[in-house]
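Observations on the three-dimensional arrangement
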Amino acid sequence: MDELYHTIESRKENPVENSYTNYLFSQGLDKICKKIGEECAETIIAAKNGDPALLAGEVADVLYHLLVLLSEQGIPWQEVQEELERRGQKIGNKKVFHNADRNS
């Protein structure tokens with residue numbers, strides 16, 4: 001992920017002709033977000049259909065597009081890594097859902 005994010009940042013700073021990453025940057029936030037949505041939907045379908053190879057490819061697509069989004073928004077990948085580390089140190093972080101009293 002570090003290397004991929006570095007490559008994306010490099011494309012942002014030094015555009016390369018015919019680069020898909022540069023195409024996404026040139027199209028802007030709406031296009032990047034649209035691609036994330038599309039790739040998420042394709043990931044769900046691949047998981048539902050039970051195709052491990054296809055699922056791995058779709059997850060890779062989602063992760064790539066999320067890194068492009070982070071770069072576009074000026075958020076370093078390291079910030080996400082640090083957040084994941086913080087969350088990994090939590091104990092007992094299971095969410096508890098409360099049922100609302102529907103009679104009130």
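Each remark here, short or long, concerns the structure printed above.
Residues numbered from 1 in each chain as written. Predicted model: local features only at pLDDT ≥ 70, side-chain atom pairs only at ≥ 80, totals over all residues. Heavy atoms only, no water.

The subject of this paragraph is the packing of aromatic side chains. All told, the structure shown has two aromatic pairs when counted by the stated rule. Among the aromatic residues, those joined into a ring-pair cluster are Y20, Y23 and Y64. (Phe/Tyr/Trp six-rings, centres within 6.5 Å; stacked < 30°, edge-to-face > 60°.)

Between its terminal C-alpha atoms helix 1 (residues 2-13) stretches 16 Å, which fits the 16 Å expected from 12 residues at 1.5 Å a residue. Of all the positions in helix 1, only Y5, I8 and E9 are classed as buried. One side of helix 1 carries all its buried residues, which in axial view fall inside an arc of 100°. Among the exposed residues of helix 1, those pointing more than 90 degrees away from its buried face are E3 and H6. (Helix = DSSP H or I, 4+ residues; strand = E, 2+ residues; numbered from the N terminus. Expected span 1.5 Å × (residues − 1). Buried < 20%, exposed > 50% of the residue type's maximum accessible area, 1.4 Å probe, protein only. Arc of directions from axis to C-beta.)

Our focus in this paragraph is helix 4 (residues 52-72). Counted at 1.5 Å a residue, the expected span for helix 4 with its 21 residues is 30 Å, and the 30 Å between its end C-alpha atoms agrees. Those residues of helix 4 lying buried are E58, V62, Y64, H65, L67, V68, L70 and S71. For helix 4, the secondary structure elements touched by its buried residues are helix 1, helix 2 (20-27), helix 3 (29-48) and helix 5 (77-88). Backbone geometry just downstream of helix 4 places G74 in the positive-phi region, at approximately 75°. (Contact = heavy atoms within 4.5 Å.)

Structurally, S19 can be placed in the loop between helix 1 and helix 2. What makes S19 buried here is its relative accessible area of 12%. Looking at S19, its side chain comes within polar contact range of the main-chain nitrogen of T21, at 3.3 Å. (Polar contact = N/O pair within 3.5 Å; in protein donor to acceptor, adjacent residues only side chain to side chain.)

This part covers the packing of helix 2 against helix 4. Orientation of helix 2 relative to helix 4, taken along the N-to-C sense of each, is 50°, at an axis distance of 11 Å. The orientation of helix 2 with respect to helix 4, classified from their angle, is oblique. Where helix 2 crosses over helix 4, the two elements pack in a sense that is right-handed. In contact with Y20, T21, L24 and F25 of helix 2, helix 4 contributes Y64, H65, V68, S71 and E72. (Axes fitted to C-alpha atoms, helices over the stretch in contact; angles between N-to-C directions. Parallel < 35°, antiparallel > 145°, perpendicular 65-115°, else oblique. Left-handed = near helix turned anticlockwise from the far one by under 90°.)

For side chains of opposite charge, pairing can occur when their charged atoms come near one another. Tallying each qualifying case throughout the model produces four salt bridges. Members of the salt-bridge network, linked through shared partners, are K35, E38 and E39. (Salt bridge = Lys/Arg side-chain N within 4 Å of Asp/Glu carboxyl O.)

Okay, the nonpolar core next. Y5, I8, L24, F25, I32, I36, Y64, L67, V68, L70 and W77 form the largest nonpolar core, which has 11 residues in total. Looking at this core, the elements with two or more residues in it are helix 1, helix 2, helix 3 and helix 4. With four residues, the single largest contributor to this core is helix 4. Excluding anything up to four places from it in sequence, V68 contacts I8, T21, L24, F25 and I32. (Core = buried A, V, L, I, M, F, W, Y, C linked by side-chain atoms within 4.5 Å.)

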